[in-house]
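Inside the fold
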Amino acid sequence: MPSRYNPAGHRSTLRVLSIFDALSATKSGLTMAEICRIVGAPKSSLFSILHTMADSDYVSYDETTGRYSIGLKTYLLGKAFDRESGGLSSFETAMRKVVASCGETCQLGVLDHGRVLYISRVDSPQRIRLSSEIGKTLPAHCTAIGKAILSRWDDELVRSLLPVPFEKTTEHAVKHIDDLMRQLEEVRRCGFAYDHQEMAEGVECIAVPIEKGGRLYGLSVSVPAYRFDTEVQNGVEHVLSDARDQLERVS
């Protein structure tokens, strides 16, 4: 698994970021060997970096298991982001209301280097539901959240941001930038973005763009395709519209 960061940047800094990226994607921590493999660097290059990060509490090292994980100071930085961004707690409150109203999984995402980064999720109470991961990134062109956020940008910026040719996810995914532009124009007109099994077969998704604290977010609801009909679509659109209005109204 190669690092997602631009190799033209400062090497040591990029390795620190790559380590954070790798540790954030696991619940059980990583050994030195696993980190080296994911980051794509030898132990001789990462040993002193990890040692310094552990000494300063940005990563935690378990001597019993020999595994590294996210440290206390990194957790506190995340809480600082929460406060600075106006508080994800307000989003999570709204998301719980969405799930209580429609009974389906609700997700929150932002754009990160042309991809959608998922930052919060409230699960559906139903036995069959979408499975997704916080911290995971997906292509923006074939996700409802990605399209919702991109609809707030002008076409020239969208064309400069997205890599082409598009990554192929399913047979339903948009294949050409011009087709995506037409979809974004429709999102601007109706206020909703759609992923009709573009990211994953059997999963329908609807999203709205939300601007809060000077940042653009996408708020979505995902529904198994077999449960998705006109009545469900109308209900999801209604609760997402209410959530958007509430979140943008409250500072």
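These lines cover the structure that appears in this document, whether it is placed above or below. (Residues numbered from 1 in each chain as written. Predicted model: local features only at pLDDT ≥ 70, side-chain atom pairs only at ≥ 80, totals over all residues. Heavy atoms only, no water.)

What to know about the sheet that holds strand 2 (residues 59-62)
For clarity, the cut-off: Any two strands with at least two DSSP-identified bridges between them are counted as paired. Under the DSSP-based scheme used, a helix requires at least four consecutive residues in state H or I and a strand at least two consecutive residues in state E, with every element numbered from the N terminus. For this analysis, residues touch if any pair of their heavy atoms sits within 4.5 Å. Structural elements are reduced to axes, namely lines fitted to C-alpha atoms, with helices fitted over the stretch in contact, and the angle between N-to-C directions of any two is expressed from 0 to 180 degrees.
The three strands lie next to each other as 1-3-2, forming an open sheet whose pairing is antiparallel. Looking at which strands have only one partner, the edges of the open sheet turn out to be strand 1 (30-31) and strand 2. Along the sheet face, helix 1 (residues 11-24) touches strand 1, strand 2 and strand 3 (67-70) and points at about 90° away from the line of strand 3.

Examining a nonpolar patch on the surface
Heads up, the rule is: Each patch groups residues whose relative accessible area exceeds 30% and which form no salt bridge, using 9 Å between like charges and 5 Å between nonpolar side chains of Val, Leu, Ile, Met, Phe, Trp and Tyr. Note that accessible areas follow from Shrake-Rupley with a 1.4 Å probe, and for residues the cover is restricted to the protein chains shown. A pairing counts as a salt bridge when a side-chain nitrogen of Lys or Arg comes within 4 Å of a carboxyl oxygen of Asp or Glu. Exposure categories follow from relative accessible area, calculated using a 1.4 Å probe and restricted to protein chains: below 20% of the type maximum is buried, above 50% is exposed, and the middle band is partly exposed.
The grouping of Leu72, Tyr75 and Leu76 at the surface amounts to a nonpolar patch, some 330 Å² of accessible area in total. With respect to the helices and strands, Leu72 occurs in helix 4 (residues 72-84). We classify Leu72 as exposed; its relative accessible area is 55%.

Describing the packing of aromatic side chains
Selection criterion: Two rings from Phe, Tyr or Trp (for Trp, the six-membered ring) form a pair when their centres are within 6.5 Å of each other. A pair whose planes differ by under 30 degrees is stacked, one over 60 is edge-to-face, and the rest are tilted.
Counted according to the given criterion, the structure contains two aromatic pairs. Arranged with centres 4.6 Å apart and planes meeting at 40°, the rings of Tyr61 and Tyr68 form a pair that is tilted. Overall, the relative accessible area of 9% leaves Tyr68 in the buried class. Between Phe91 and Tyr217, the aromatic rings sit 4.5 Å apart at their centres with planes inclined by 45°, giving tilted as the arrangement. Taken together, the residues span a long stretch of sequence, with Phe91 in helix 5 (residues 88-102) and Tyr217 in strand 9 (residues 215-224) at a distance of 126 residues. This pair shows no difference in class: Phe91 is buried, exactly as Tyr217 is.

Structural notes on helix 2 (residues 32-39)
Because each turn of an α-helix spans 3.6 residues, side chains separated by three or four positions in sequence point in the same direction. Quick note on the threshold: Starting at the helix axis, one direction is taken to each C-beta atom, and the arc is that of these directions.
Looking only at helix 2, the buried set comprises Met32, Ile35, Cys36, Ile38 and Val39. An end-on view of helix 2 places all buried positions within 170° of arc, on one side of the element. Along helix 2, the residues that are exposed and aim more than 90 degrees away from the buried face are Ala33 and Arg37. Those residues of helix 2 hidden inside the fold are in contact with helix 1, strand 1, helix 3 (43-55) and strand 3. Backbone geometry just after helix 2 places Gly40 at a positive phi near 80°.

Describing the sheet that holds strand 5 (residues 115-122)
A sheet is described by the order of its strands in space; here six strands give the open sequence 6-5-4-9-8-7, paired in antiparallel fashion. One side of each edge strand has no neighbouring strand; the edge strands of this open sheet are strand 6 (137-139) and strand 7 (193-196). Strand-to-strand twist across the sheet, computed as the mean angle between neighbouring axes with direction ignored, equals 35°. With seven bridges connecting them, strand 4 (residues 105-112) and strand 5 associate as antiparallel partners. Bridge assignment links Val110 to a residue of strand 5, and that residue is Leu117. Helix 5 contacts strand 4, strand 5, strand 8 (203-212) and strand 9 of the sheet and is inclined by roughly 70° relative to strand 5.

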